Each structure stands twice: as C-alpha cells, then as structure tokens.
Amino acid sequence: MTELNPKIKDALLNINFVERYEKLSARFSAAKTPPDDRLIYMDGEEVMAMIRAAGYSPQFNTREKFYRIKEECIGKYTFNIHIILRYGIAELVWVVEEGGVLLLGAPWSTYSRRLIDVNYRIKNPVFGTYEDLEEILKIVFEMYEDFKRALM
C-alpha cells in the first residue's frame, strides 16, 4: 500500500481522522443495523436533497453509481467528495489535487491502514433509515471541512 502524501497525512492526523472515523463506524455499525434492517433501495432525489441541505452541490454519476460533490477550488487545491451508497453502507472518498497533481483519491477505509498499520481496518458506516444517512453525512461534511482547513 502506498504511503500518504505528507501534507495529507499531517492534515488527517491534525483532525484526529482515525478516532473520528472509528466513532462514526461504531455509532453506525453492522451490529446495530443488520442486513435485513438496512436501507437498500433509496430515492436518489431524497439523497440529493440531503446533500443540498448541507450546503453542497451534488451530482449523480449514473455510470459509476455514486454521488459526487461539486469540486471546490481553494488556492492551489481542488477538493471533492464521492459518496457511494450501496446495500445500506456508505463508502466515502475524498479527492484532493494540488496544481493538477492527485494527492488523495482513495476510500476512507484505506486512510487508517496508511496511518496506523496495513492490517488496521475501520468498517464503513451502515444505515437503516434516511435519518441515519443524514446524520452520517452531517458528520462526514464536518470532517471534510476540518480536513480542508487543516490542509490549508
């Protein structure tokens, strides 16, 4: 597994990414929401409305089947979030470029392995209701804003 870019690593450590992601994973775990209770079929417009209500401009990539937040350029950095919602599981990806060079573009689940140990795993958050998903997104967006500030 490749090393994290030092700037990205510092920003993740600065926002206590691993601890916060562990809390999110524990709060919205598979143990609390077993497969039969998960929100499998979702109304895409409902999800888009949640993202818009949080202050972001979403798009849905129909080919790859994920929600993408409109790119944001701040100084020399370009930020983006990809949200993959399948089988009641939220997989999250932050994409960061600096001057057109990709610094980060992997699922959150790989960040902890790159920061701690290749065998260290934090599970993706699981949701059974739109309310759960809305709370997950709220936490994700708070972490995203903190991450952007830490990187700047």
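Our subject is the structure that appears above.
I will try to describe carefully the structure that is included in this document.

**What to know about the packing of aromatic side chains**
The geometry of an aromatic ring pair is captured by two quantities: the separation of the ring centres and the angle between the planes.
Step number 1: Counted by the stated rule, this structure contains 13 aromatic pairs.
Step number 2: One aromatic cluster in this structure is built from Phe-17, Tyr-21, Tyr-56, Trp-94, Trp-108, Tyr-111, Phe-141, Tyr-144 and Phe-147.

**Some thoughts on the nonpolar core**
Step number 1: Ranked by internal contacts, the top residues of the largest apolar core, which has 45 residues, are Phe-17, Ile-83, Trp-94, Trp-108 and Phe-147.
Step number 2: With 10 residues, the top contributor of residues to this core is helix α5 (residues 130–151).
Step number 3: Ignoring any residue separated from it by four or fewer positions in sequence, one finds Phe-147 in contact with Ile-8, Ala-11, Leu-12, Ile-15, Phe-79, Trp-94, Val-96 and Leu-104.

**Some remarks on the packing of helix α1 (residues 6–14) against α5**
Step number 1: Viewed as axis vectors pointing N to C, α1 and α5 meet at an angle of 130°, and their least axial separation amounts to 9 Å. On the basis of their axis angle, the class for α1 and α5 is oblique. Handedness of the crossing formed by α1 with α5: right-handed. Residues Lys-7, Ile-8, Ala-11, Leu-12 and Asn-14 of α1 pack against Phe-147, Ala-150 and Leu-151 of α5.

**Digging into a negative patch on the surface**
Step number 1: Negative charge collects at one region of the surface, where Asp-43, Glu-46, Glu-131 and Glu-134 lie side by side.
Step number 2: With respect to the secondary-structure elements, Glu-46 resides in helix α3 (residues 44–53).

Conventions used here
- Residues numbered from 1 in each chain as written.
- Predicted model: local features only at pLDDT ≥ 70, side-chain atom pairs only at ≥ 80, totals over all residues.
- Heavy atoms only, no water.
- Phe/Tyr/Trp six-rings, centres within 6.5 Å; stacked < 30°, edge-to-face > 60°.
- Core = buried A, V, L, I, M, F, W, Y, C linked by side-chain atoms within 4.5 Å.
- Buried < 20%, exposed > 50% of the residue type's maximum accessible area, 1.4 Å probe, protein only.
- Helix = DSSP H or I, 4+ residues; strand = E, 2+ residues; numbered from the N terminus.
- Contact = heavy atoms within 4.5 Å.
- Axes fitted to C-alpha atoms, helices over the stretch in contact; angles between N-to-C directions.
- Parallel < 35°, antiparallel > 145°, perpendicular 65-115°, else oblique.
- Left-handed = near helix turned anticlockwise from the far one by under 90°.
- Patch = residues over 30% accessible without salt bridge, like charges linked within 9 Å, V, L, I, M, F, W, Y side chains within 5 Å.
- Areas by Shrake-Rupley, 256 points an atom, 1.4 Å probe, with all protein chains shown as cover.
- Salt bridge = Lys/Arg side-chain N within 4 Å of Asp/Glu carboxyl O.
- Lys, Arg positive; Asp, Glu negative; His and termini not counted.
- Charge placed at Lys NZ, Arg CZ, Asp CG, Glu CD.

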